[in-house]
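Topology and contacts: notes
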Amino acid sequence: MSSVPYTGSMTAPAPDKVAARANWREFPKEQIWPIGAQLGLGMVALGLGGLLGLLQALERVRPEIYENPATSKYLDYYQGLSLHGVLLALVFTFTFANSFLSLTTMKAFQRPMRSTLLLQGSFVLGALGVVLAGFALLTNRANVLYTMYAPMTAHVSFYLGATLLVVSTWLVSLNQVLTLRDWRKEHPGEPMPLLAFASIVSFLMWDLASIGIAVEVLGFLIPASVGIVNAVNPQLTRTLFWFTGHAIVYFWLLPAYVSWYLMMPKQVGGKIYSDSLTRIVFILFLLFSVPTGLHHQYTDPGIPIWLKTAHFFTTIVIAVPSLITAFSLMSALELAGRSHGGKGLFGWIPKLGWGNPSVVMQLLAMLTFILGGITGIINASYTVNSVVHNTAFIPGHFHITVGTAVAQTIMGVCFWLVPYLTGNKLWQPKLGVAAAWLYTIGVLIFARGQMWGGIDGMPRRSAMGAAQYQPQEWMLSNQLTAIGGVLMTIAGVIFVLMMLMTVLVKNRGVTEIPVAEAVIGPRANWSGLDKLGRWFILAFVLIVLAYGPTFWDLARNGGRATPVRMPQMGYMPLQMPANMGPVLFALYAVFAIAALVGLWKVLLGKPSEPA
């Protein structure tokens, strides 16, 4: 397979159409359409999930929303909350990562992905997963709020759908690695393009992180939901979930980091501060994203204090790449602003292209994410966490990290990505600037209300509008949540409308994929930074050290029996037979080692001949 970019048909288009359709001809259409289709699936999830989020926010002050016969006939509070969480936290983010990081990999290597079948298969499996999970959610059989661990149970179609959605991400990762092997064959000894490095590491981290949820769902929840087994250790499944459940945050975040590091500097007219430092940031995420999950289980019994303490320290360590990011991006942005005439201490800030909707959306996401990082340190603290654990503080924090840094960056990227995929100019860019400010103001109000209520003891995952036990001080928190939710929804409606009109309105124009160069370029790299197989092995070792003792202890002891309502089978005891523990642990170890050896060979082995 040649490294020369695909140029389409041998028949040249008319001269007046060349410029307008140049971006359509950069890569094969059979690889571009599944990228666009996955992105479209994510936009549908954003639209539906956002509207359901509005209902959740308004319920705080108008509980009759879910009591109204016209609404309650089709939807209740916890069903709406589960749909909102799954559509936005899983479907919207996964489909975007699949599409965006496939395209960035192609752009970085200047070649199509190795396998068109894997690329199209990723879309098909993702779409099928959404259909299956959607069936369970819409029929009110999967109100697990996307945190799927026993004793919460759902219809088997929900678990199958979630599994297919995860498998769709694995196909993208496999395709990236195969494309990397082909590129290395043609460029021996050359450093990997930074855009490709960041894109591939993002998925390698997720490959490790998703092992926990895969073992939980395939080994326990699906068999239990169909009645094949009637004995599951709830604490084991909860630990397996949080093995993935915290690291998934970084899988949501890293595509945003790809844009912030590799594209934002180009969009504001600057350069990346350092190629090597950027690689180090992504390596740190690969190493420390997964061995942090026990900080979600500080209050859980049966897990040694020393292991919880160890996860506290690794959680603090994972804040380091975010701190590096803050300084690196600030440097890149300042260099860009000053190159455009910015003077004085802060004079460079107005020179950053605040009239560009893609830029302003991401700049505001970065600024808001600072607050997300600060509140994240509170959640990670072993002692302070006890004050806010399972309170409304958590969704407040969540909405200024994933709900802002991730969601706003995705919207900012789509302001150039959708025009790139369609060949049409962005429809009404000024509306995008307004939506960026409106969303940011809304999420800050929303998060303030939630976190304020959490500090005052307001529980999370509760229909607070209908609660009869609310103290007076929660009223203002609920009102702020509702106001912020309305503003966020208006901004979301504007964004979805812009995307729809950009697709439908034929207004041809050239849009390129913005890729920045580094001030300190690849020649300054330590060659070991590109040894992804070795970093992957080290990450796996850290996970074994951080989780091995806990999994062994949980699998060996079995846990106590807990009643759980199975969708088809009624109430059944959840207790894993003690003799099954070592067997399941051994199977987990074999699966993990086999996957590790396979990926090691792919990453460091000799490049194969292209198919």
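The preceding data block contains the structure.
Computed from a predicted structure; not experimentally measured.

Description of the environment of His389
Among the secondary structure elements, His389 is positioned in the loop between α16 (385–388) and α17 (393–399). C-alpha separation for the pair His389 and Gly454, spaced 65 residues apart in sequence, amounts to 8.7 Å. Beyond its immediate stretch of four places on either side in the chain, His389 contacts His296 and Thr299. One polar contact links His389 to Thr299, side chain to side chain, over a distance of 3.3 Å.

So, helix α8 (residues 194–225)
Spanning 32 residues, α8 covers 44 Å between terminal C-alpha atoms, matching the ideal 46 Å at 1.5 Å per step. At Val217, α8 shows its largest kink, close to 40°. Counting buried positions along α8 gives 30 out of 32 residues, so the element sits mostly inside the fold. Of the residues flanking the end of α8, it is Gly227, one or two places downstream, whose phi is positive at about 85°.

Quick notes on a nonpolar patch on the surface
Taken together, the side chains of Leu367, Ile370, Leu371, Ile374 and Leu444 make up a nonpolar region of the molecular surface, amounting to roughly 440 Å² of accessible area. Among the elements that line the nonpolar patch, the one with the most residues is helix α15 (residues 357–380), at 4 residues. Considering the arrangement of structural elements, one finds Ile374 in helix α15.

What about the packing of aromatic side chains?
With the rule as written, the count across this model stands at 25 aromatic pairs. Arranged with centres 4.8 Å apart and planes meeting at 10°, the rings of Trp206 and Phe251 form a pair that is stacked. Placement of Trp206 in helix α8 and of Phe251 in helix α10 (residues 247–262) is noted, with a sequence separation of 45 residues between them. Seen in terms of ring centroids, Tyr547 and Phe551 are 5.3 Å apart; in terms of plane orientation they differ by 20°. Their pairing is stacked. Of this pair, Tyr547 and Phe551 both sit in helix α21 (residues 532–557), separated by 4 residues, roughly a single helical turn.

Digging into the environment of Gly373
Mapped onto the fold, Gly373 is located in helix α15. Separated by 24 residues in the primary sequence, Gly373 and His397 place their C-alpha atoms 8.7 Å from one another.

Brief notes about the nonpolar core
Side chains of a nonpolar character, in soluble globular proteins, are inclined to be buried together. Grouped together as the largest cluster of nonpolar side chains are 169 residues, with contacts concentrated most on Met148, Phe158, Tyr257 and Trp260. Element by element, the count of residues in this core is highest for α8, at 21 residues. Excluding residues that lie within four positions of it along the chain, Tyr257 makes contacts with Leu262, Val281, Phe282, Phe285, Ser322, Thr325 and Phe369. Within the second largest apolar cluster, 5 residues are counted, among which are Ala392, Met464, Ala467 and Trp474.

How each quantity is defined
- Numbering of residues starts from 1 in every chain and runs along the sequence as written.
- The model is predicted, so local features are restricted to residues of pLDDT at least 70 and side-chain atom pairs to those at 80 or more, both for listing and for counting; the totals for chains, interfaces and linings are taken over all residues.
- Side-chain numbers come from the whole structure's heavy atoms, not from hydrogens or water.
- Secondary structure elements are defined from DSSP: runs of H or I of at least 4 residues count as helices, runs of E of at least 2 residues count as strands, and each element is numbered from the N terminus.
- It only takes one pair of heavy atoms within 4.5 Å for two residues to be counted as in contact.
- Here a polar contact means two N or O atoms within 3.5 Å. Within protein one must be a hydrogen donor candidate and the other an acceptor candidate, and residues neighboring in sequence count only if both atoms are side-chain atoms.
- A helix's residues, less one, multiplied by 1.5 Å, set its expected span.
- The angle separating two fitted axes, one through the seven residues that finish at a residue and one through the seven that start at it, defines the bend at that residue.
- A simple rule labels every residue: compare its accessible area, found with a 1.4 Å probe on the protein chains alone, to the largest value its type can have, and call it buried under 20%, exposed over 50%, or partly exposed in between.
- Each patch is built from residues lacking any salt bridge and having more than 30% relative accessible area; the joining distance is 9 Å for like charges and 5 Å for nonpolar side chains (Val, Leu, Ile, Met, Phe, Trp, Tyr).
- Note on areas: these come from Shrake-Rupley sampling with a 1.4 Å probe, and a residue is covered only by the protein chains present in the view.
- Here, a salt bridge means any side-chain nitrogen of Lys or Arg that lies within 4 Å of a carboxyl oxygen of Asp or Glu.
- Note on aromatic pairs: the rings of Phe, Tyr and Trp (six-membered ring only in Trp) are paired at centre separations within 6.5 Å, and the planes decide the class, stacked below 30 degrees, edge-to-face beyond 60, tilted for the rest.
- The term nonpolar core refers to a set of buried residues drawn from Ala, Val, Leu, Ile, Met, Phe, Trp, Tyr and Cys, joined through side-chain atoms within 4.5 Å.

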